[in-house]
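Given next are the chains, with one letter for each unit.
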Amino acid sequence: MLSMDRMRVLHAIAVNGSLNGAAEALHVTNSAVSQQLAKLEREVGQALVERNGRGVRLTDAAHILVEHTGQILSLVHRAEADLEAHRDQVLGSLRLSSIATAARGLAAPALVALREAHPGLRVQLIEHEPDHSVPAVARGETDMAIVVDWAESMIPLPKGMMRVPLMVDTADVALPADHPLAHRGLVDIDEIVGEPWISWNGGSICDNWLHGMLRARGVEPDVAHQAEEHQTKLAMIAAGLGIAVMPRLGRGPVPEGVRLVPVQPALVRQVYVFWREDAARRPAITATVRALKEAAARLG
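Residues numbered from 1 in each chain as written. Predicted model: local features only at pLDDT ≥ 70, side-chain atom pairs only at ≥ 80, totals over all residues. Heavy atoms only, no water.

## Notes on the pattern of salt bridges
Counted by the stated rule, this structure contains 10 salt bridges. Of the charged contacts in the structure, one is a salt bridge between E191 and R184, with a shortest N-O distance of 2.9 Å. Looking at E191, the relative accessible area reads 36%, which means it is partly exposed. R184 gets classed as partly exposed once you look at its relative accessible area, which sits at 30%. One salt bridge in this structure joins E220 and R215, with 2.8 Å as the shortest N-O distance. Since its relative accessible area comes to 56%, E220 is described here as exposed. (Salt bridge = Lys/Arg side-chain N within 4 Å of Asp/Glu carboxyl O. Buried < 20%, exposed > 50% of the residue type's maximum accessible area, 1.4 Å probe, protein only.)

Structural data, given as structure tokens:
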């Protein structure tokens, strides 16, 4: 009989693309992954991976096993969810991934409410960008994730996911206090597209959106600096080093040398949470979605 634990290791290699990636995802050593893989190859009597430069390539036999393993893991998730639903109790543990602004503005108050309402549930909050959290949910390493879709820049979710919108987050433009437009009550986006921008880290969802938004208006972005933390951006803006898009969710205190001005057309992004369909019946997920929606509603 095939070992499910060893098949899970092969599945992790397929999903993560390497033995090292599988070891990190499973929280074991590289040696343990290699040993489990070797034992599985002896069980099936066929090679499952081939060396490919510094990485590995799955054989045809491995692809067959991986496909079946994915189906089995999905059934396991469904069984676990059905058992939790049968108990009808919000218990156990749940891993919730979130972008930074939603972690501060939504997840933190939601977790407080969950702790008070369901003391038997332990929720671990992990701050990750979508390029990490989306595949983590697909692999089953994370139960749920909060992400955002900017207008005309939507995140593609893998098959087998469910999602619920939480709120629409509006962004303002952050200007140095002595900027000529800082006194305005409203700024047209075309008035500022040529400014030096302080963007997010290169290649991130938000950085890609900013570049696309500016190029759609016929301007090649002048990205003077890049920073992920809002407080770092605000300090740079106060020093007169550029301007930035500043979402309202989880914004935090604004330094004296910065002015926040609304923009037209409005810069908005849809905040939502998603999870795997095979875990949808878990009372813990239902309770977490409810707490997040209530936290979003309190933000108005």
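## Topic: the side chain of T288
Mapped onto the elements of the fold, T288 is located in helix α9 (residues 283-298). Non-local contacts of T288, meaning those with residues more than four positions away in its chain, are made with L94, L114, L121 and M144. (Helix = DSSP H or I, 4+ residues; strand = E, 2+ residues; numbered from the N terminus. Contact = heavy atoms within 4.5 Å.)

## A few points about the layout of surface pockets
What the second largest pocket holds in volume is close to 270 Å³. Lining the second largest pocket we find 14 residues, and of these A151, E152, W209, M213 and R217 sit closest to its centre. For the lining of the second largest pocket, the secondary-structure elements that each account for two or more residues are α7 (205-215) and β13 (267-276). In terms of residues, the lining of the second largest pocket owes the most to one element, α7, which gives four residues. (1 Å grid on protein atoms, 1.4 Å probe; cavity = no way out; pocket = protein on both sides within 12 Å on 5 of 7 lines; lining within 4 Å. Points joined across faces, edges and corners; volume = space filled by probe spheres on them.)

## Topic: unusual backbone geometry
Across the junction of Q264 and P265, the peptide omega takes the value -10°, indicating a cis bond. Structurally, P265 is set in the loop between β12 (263-264) and β13.

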